[in-house]
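# Results of the structural survey
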Amino acid sequence: MMRATAGSTRRAPGIAVWLILFFAPFAARADAPESNPELAPTERHEQIATLVTDFIERSHYRRVDVDDEYSGRILDAYIDALDGNRSYFLQTDIDRFQRYRDQLDDALGREKSLEPAFAIFRVYRERAHRQIRYAIGLLEEEPDFTVDEEFRFDRENAPWARSQEELDEIWRKRVKNDALSLALTDKPWDEVRDILEKRYTRFQTRFEQINSDDVFETFMNSYARTMDPHSSYLSPRNSEEYQIQMSLSYFGIGASLQMEDEYVTVMNIIPGGPAAIDGELEPTDRITAVGQGDDGELVDVIGWRLDDVVQLIRGPAGTTVRLQILPGNSLPGAQETVLSLVRDQVKLEEQAAKSEIVTIPQEGRDWRVGVITVPSFYRDYEAQRDGDRNFTSTTRDVEKLIAELEEEGIDGLIVDLRNNGGGHLTEATALSGLFIDRGPVVQLRDSTGRISVIDDQWKKGVAYDGPLAVLVNRFSASASEIFAAAIQDYERGVVIGQQTFGKGSVQNLYALDRFQRDRSGEGLGQLTLTIGKYYRVTGESTQHRGVDPDITLPSMIDSSEVGESTRETALPWDRIRATRYSAREPLDPTIDLLSSNFEKRLESDPDYDYLLKDIEAAQSMRSRTTVSLRLEERKKERERLQAERLARENPGRRPPNARQKTNSDPGSRPDS
């Protein structure tokens, strides 16, 4: 059993488990699956399924019985994992699958056969083979881009196709849209056809390479995600890969990826990695092509296996990799950008907290504001265990930075937790102690209902007692929320920004081989399970709702698409009894004054006006589910969007980056 942390907002992995991209000394997987393997459950799969169910029923926070009701939820989640965009299955398939609605719980918990899960997947693979062959056949003739019709690219809530003819029509428009997207880059038809034929052939190959372990892992993750978004299962091969990657012994770009439909999608940016230092690659971005060096050919990777894309991105330290990116909030066929990143290890010094002083002219004087940026909550437990008194930790680093800032002279302090996805609970409570003089910081309730109160871990009074603000956004999660909530509840400082992510749950990782003998000798993998929830000292949970700022700033991050509340199986918000704590005098008068002054300044702030219009444009784009399949109309739309973007810019404003940043935030230095 591994240490529970207050970190990580990553999604659970599916067939293509997310990978943290660093270099490994091999060019391709040695255990690549054979083509067209027989897909069937094994005795080992059924052993794992039974063991996982035992853990879920005994240890998961929900304390559920995996019964017929949960069987139906698992079926729905599995179908969604396979065909979330409703592009392969027919309504008749979905109707036929209902025979399994009350059978999957028996397969999981009573050592019965997992055949229903594999039977569903075999239908999925058969449908995929058929539709891909159909797509390749459509390439024999160039589409007519003058016909006035639309392609529905977002089919998540669309009805299932009721006939093969209806499904073929969906795919005809899909192929036409793929071709039009390439035609928008002025490629001739022969080149477009060649690119798409290779792409669809890769789709076919990817399906042929899926093996029984892949199917089982996808099914088990569908099962785990019916409990909550953060519980997951990793197969032996993927758990070993995960452990190697977490050792930071690879070189690459420092990002975690996952397959979504046919796109390799960025899930997280690792603090201290090349992508984080560069600052351009962002969560939800889709990688459409990869090139080597400064001028190597960009290789189209849409439809590739994640493993193979990873191999293209990995490489020796100091070498350049180029990524062609379709921003996460873009429509199909939108203008892509190319980023150049130099491969390197995650730099530990880049993960560390940093400080600066920002000088703000106001009321006839220059105000000096210290800013401490905390990318994550880290602690070197290995060095601490070895007796190193100078082991690295967030709290120790911030304590030193505060002392240095006060020596230089500051009028106030900002702790910047934007994009901080969490980390070690110990550091969240200890960091709170730098600003709170003794007292509880957070409460923890486990699956048995037992409540533990965790106190301030820093026992030296306070490190800083002056004016304090905490910056947060929607990507501030878990440990960040514990710290921000404590500062807010103790009336110690003002929380500014956007409602935080809302991850108030605790996970444990179980290496299954340690709990049951593996009868096959292949390994049983590992299970991540949600075992508890965090609560503020007021008794309110940070789960689902996160922390509401005292002063709200608009943001390009769409809270309807990002955050715990967007996940269907997220644990609910609730409250328990408040614990005893001693808060300072209410900060309401200060917050009211700050808000009033802020509103007055915004009336004449061109940057703020630009941001609001940018947010409005992005929201309009995100609300669309269809695009035109007329080439001229798409060209006009692209030109219109470009003209609108230029019109939004103030001539006196510093030109923005070429691409819209999906996680840009008002108040980011130095513009604010």
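Each remark here, short or long, concerns the structure printed above.
Attention in this report is confined to the structure presented alongside it. (Residues numbered from 1 in each chain as written. Predicted model: local features only at pLDDT ≥ 70, side-chain atom pairs only at ≥ 80, totals over all residues. Heavy atoms only, no water.)

This part is about the packing of aromatic side chains. Applying the stated criterion across every chain, the model contains 17 aromatic pairs. Consider the rings of Phe55 and Phe515, whose centres lie 5.0 Å apart with planes at 85°: the pair is edge-to-face. Pair noted here: Phe55 is in helix H1 (residues 43–59) and Phe515 is in the loop between strand E17 (505–511) and strand E18 (526–535), with a separation of 460 residues, a long-range link. For Phe55, a relative accessible area of 4% gives the class buried. Judged by relative accessible area, Phe515 falls into the partly exposed class, the value being 39%. (Phe/Tyr/Trp six-rings, centres within 6.5 Å; stacked < 30°, edge-to-face > 60°. Helix = DSSP H or I, 4+ residues; strand = E, 2+ residues; numbered from the N terminus. Buried < 20%, exposed > 50% of the residue type's maximum accessible area, 1.4 Å probe, protein only.)

With that out of the way, let us pick up the sheet that holds strand E15 (residues 468–472). With mixed pairing, six strands are arranged side by side in an open sheet as E10-E11-E12-E15-E16-E19. Strand pairing shows two members of the sheet lacking a second neighbour, strand E10 (354–362) and strand E19 (551–552), which therefore form its edges. Across nine bridges, E10 lies against strand E11 (residues 365–373) in antiparallel orientation. From the neighbouring strand, Thr359 faces E11, where its bridge partner is Arg368. Along the sheet, helix H16 (residues 479–489) makes contact with strand E12 (412–416), E15 and strand E16 (494–497), crossing E15 at roughly 145°. (Pairing = 2+ DSSP bridges. Contact = heavy atoms within 4.5 Å. Axes fitted to C-alpha atoms, helices over the stretch in contact; angles between N-to-C directions.)

Within the element layout of this structure, Gln507 appears in strand E17. Within the local environment of Gln507, its side chain forms a polar contact with the side chain of Ser505, the two groups lying 3.0 Å apart. Separated by 2.8 Å, the side chains of Gln507 and Thr530 make a polar contact. (Polar contact = N/O pair within 3.5 Å; in protein donor to acceptor, adjacent residues only side chain to side chain.)

We now examine H1. For H1, which comprises 17 residues, the first-to-last C-alpha distance of 24 Å matches the rise-based estimate of 24 Å (1.5 Å per residue) to within 8%. Counting buried positions along H1 yields 13 of 17 residues, so the element is predominantly enclosed. (Expected span 1.5 Å × (residues − 1).)

Below, the discussion takes up the pattern of salt bridges. Tallied over the entire structure, the rule returns 27 salt bridges. For Glu637, the salt bridge is made with Arg624, and the minimal N-O distance between the two is 2.2 Å. A residue pair is termed long-range when its members are at least 10 positions apart, and Glu637 in helix H19 (residues 631–648) and Arg624 in the loop between helix H18 (606–622) and strand E20 (626–628) qualify at 13 residues. According to the relative accessible area criterion, Glu637 is buried, its value standing at 15%. Between Arg630 and Glu633 there is a salt bridge, and its shortest N-O distance comes to 3.5 Å. On the basis of relative accessible area, Arg630 is assigned to the partly exposed category, the value being 28%. Among the charged side chains, a network of salt bridges with common partners joins Glu149, Glu169, Arg172 and Lys176. (Salt bridge = Lys/Arg side-chain N within 4 Å of Asp/Glu carboxyl O.)

Moving on: unusual backbone geometry. Positive phi values are uncommon outside glycine, yet Ser478 reaches one of about 55°. By the secondary structure assignment, Ser478 is in the loop between E15 and H16.

If you walk through the whole model with that rule in mind, you get three cavities of 30 Å³ or more. Taken as a whole, the largest cavity spans an internal volume of roughly 50 Å³. Taken together, Val441, Val442, Ile482, Ala485, Ala486, Asp489, Tyr534, Tyr535, Arg536, Val537 and Thr542 make up the full set of residues lining the largest cavity. Residue assignment for the lining of the largest cavity shows that the elements contributing at least two residues are strand E13 (440–446), H16 and E18. A class-by-class count of the residues in the lining of the largest cavity yields eight nonpolar, one polar and two charged. (1 Å grid on protein atoms, 1.4 Å probe; cavity = no way out; pocket = protein on both sides within 12 Å on 5 of 7 lines; lining within 4 Å. Points joined across faces, edges and corners; volume = space filled by probe spheres on them. Nonpolar A, V, L, I, M, F, W, Y, C, P; charged D, E, K, R; others polar.)

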